[in-house]
Amino acid sequence: MITGEVKSKVDAVWSAFWAGGVSNPLEVVEQLTYLLFLKGLDETHTAREARANRTGEPIQNPVFTDGMDQYRWKTFKDLAPQQMYSVLVDRIFPWMRTLGGEHSAFAKHMKDARFTLPPEKAGVLARVVDGLDKIPMQDRDTKGDLYEYLLSKLSSAGQNGQFRTPRHIINMMVEVMRPTPQDTICDPACGTAGFLVGSEEYLRARYEHDIYSDPALKQHFENAAFHGFDFDHTMLRVAAMNMLLHGVPNPDIRNKDSLSSDHGEDSELYSLILANPPFKGSLDESSVAKDLTSIVKTKKTELLFLALFLRLLKTGGRAAVIVPDGVLFGSSKAHKQIRETIVEHHKLEGIISLPSGVFRPYAGVSTAIMIFTKTGRGGTGDVWFYDMKADGFTLDDKRNPTSENDIPDIIHRWHQRDEEQARQRTDQSFFVPKADIVANGYDLSINRYKETQHEAVEYDKPEKILDDLDALEGEIQAGLKRLREMLA
C-alpha cells in the first residue's frame, strides 16, 4: 500500500486538475492515467537501455526511437508549459494511440483518447507533471497501488458492488493457483486488470527465460495468455495501458458485459480464471445471457458469475474467485443449485474465508475465495477450509500494516495439503469430507464445520466466594466509618 506521504502528493495533483476546471472524477483519473502511463513508458525504456548497456547487446523492444526525445518523460517534464502542452496534444497522443500496433486491442481502446485540459490551462498541465514527477514509482507494486488509490477516489467506488481487490490479496490468489506459461488466463470483470497483471508478474518472475527462449511460448504470452472483459471504457483504457506497461503488447482486453452477452466465442476457452466480480444484486431477466440461466435459474449476479466461470473454463480449467459469504450458505433454490453443481459435477477444492475488513475502507462485506476445477464429471472429495483472520493490515478503515498475517501460512498449507489431513476442526485450517457437505445441504460456510474449543475455567467454591465478599464488605464498612469520623 502507498504511504500517507505519497497519498498527499497524489491528492495535490488531483486538486491541481480540479483547479484547472476538470471536475469529473472519472475524467481526472483518466487524464492522470495517461500522464502516469507516459512516465511509465520512459521508465520501461530506461530499464531496457540499462539492460542493453550491461549486456553490450542492442536494446530490445525500445519504446522510443531516434528523434523522440521530447516524448520521454525525463525531457518532457522540463519543457515550458505551452511547449509541453503542444507536444502532448499534437505529438504524444497521436503516437500513443498507435502503440501495440494499429489493429491491437490497445489501439482500439485508445482511439478516442484525448487530453481534455484546454490550451489556456497549459500552466495546470505543468503543475500536474511536476507533481507526478515527485511521486516514486520505481516498483510495480507502487504503480498498482497508485492506480488503486486513484480509482478509490471515484465517487462510484464501492457502489454497484464494485470493490477494488487489494494487491496483496491478488498476489495471494495468484500464488495459490500458480499459473503456468501455458495457461490461458481470464478475468471476466477485469477492471484495471489487477489479476492479469498479478499473473503476468508471477510468470515473468518464474518463467521469463522459458517464455522468451521459446518462440511459441513468447507468442502465447504476448498475444493469447491474458483476457479481460469490462464494459467501462475508462477501465478498459486503464487495463490496456496497465498490461502494455507490464510488457504484454497485445492482451485481449475487451468491451463486454459478461452477464448479458452471449458467450459462444469464449465458451470453454480458458484454463484459469481469477476474479473478484462486482455483485450488484439482481439483473432484469431479459438482460441475462440465456446460456447462463441454463446453468442456474436466477437473476442474482453473484450466482450468475459462478455460472459464467463454469461456462468460460475449459475442462480441467481452474478458478479462484472471490464470492460474498451469502453464496456459501444462501438457502434459495438457485443458491443450492449452483453449489450442488460445483460440488457434484465439478471438483470443489477449497474455501478460504476472508476477514470482513479486507475491503475496507470501501466496504465491510464478508467474502471468501472459492477454488474449484471444472471437470464435468465430479471429483469433489475432501474440501479444504481456511479461516483467515489477518492479512497483514489492520481491519479497520485505516488499514495500517501489522505483523499479523495469515497469507504466507495459507500459501504454504494449500500447497502442502497432503499434510493437512490430521488437522482438527478446531484448527485454523481443516478438511471437510464431501459427504458432510452434502448432508448439510451443500452449505459451504466455514462456520457450519468449524468447531470452537472452549477453555475450561475453574472457579473457587461458592463458600470461598461468599467469604471473600464478606471480607470485601467489611473493608468497605471500615472505610466508611473512618470517613464519617474525619467529617465529624
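Residues numbered from 1 in each chain as written. Predicted model: local features only at pLDDT ≥ 70, side-chain atom pairs only at ≥ 80, totals over all residues. Heavy atoms only, no water.

> Is there a simple way to explain the domain arrangement of the protein chain in this structure?
Quoted interface sizes are often the accessible area lost when the parts come together. Along its sequence, the protein chain is carved into domain 1 (4–145) and domain 2 (161–448). Summarising the inter-unit geometry, the C-alpha centres of domain 1 and domain 2 are found 32 Å apart. (Domains from an automatic or database assignment.)

> What is the right way to look at the pairing of strand E4 (residues 270–275) in this model?
Consecutive residues of a regular strand have side chains that alternate between opposite faces of the sheet. The buried fraction of E4 amounts to 6 of the 6 residues, a majority that puts the element mostly inside the structure. Pairing of strand E1 (residues 185–187) with E4 involves 2 bridges; the strand directions are parallel. Opposite Cys186, over in E4, you have Ile273 as the bridge partner. As paired strands, E4 and strand E5 (residues 313–324) are joined by 5 bridges and run parallel to one another. Residue pairing in the sheet places Leu272 in a bridge with Arg318 of E5. (Buried < 20%, exposed > 50% of the residue type's maximum accessible area, 1.4 Å probe, protein only. Helix = DSSP H or I, 4+ residues; strand = E, 2+ residues; numbered from the N terminus. Pairing = 2+ DSSP bridges.)

> How should I be thinking about the sheet that holds strand E8 (residues 383–387) in this particular structure?
By definition, the strands of a sheet pair up through backbone hydrogen bonds, in either a parallel or an antiparallel sense. Spatial strand order, E3-E2-E1-E4-E5-E7-E6-E8-E11: 9 strands in an open sheet with mixed pairing. For this open sheet the edge positions go to strand E3 (252–255) and strand E11 (429–432), each flanked by a neighbour on one side alone. Along the sheet, successive strands turn relative to each other by an average axial angle of 15°, direction set aside. As paired strands, E8 and E11 are joined by 4 bridges and run antiparallel to one another. Residue pairing across strands places Trp384 opposite Phe431, the latter belonging to E11. Here helix H16 (residues 407–415) sits on the sheet in contact with strand E6 (347–353), strand E7 (367–373), E8 and E11, set at roughly 165° to E8. (Axes fitted to C-alpha atoms, helices over the stretch in contact; angles between N-to-C directions. Contact = heavy atoms within 4.5 Å.)

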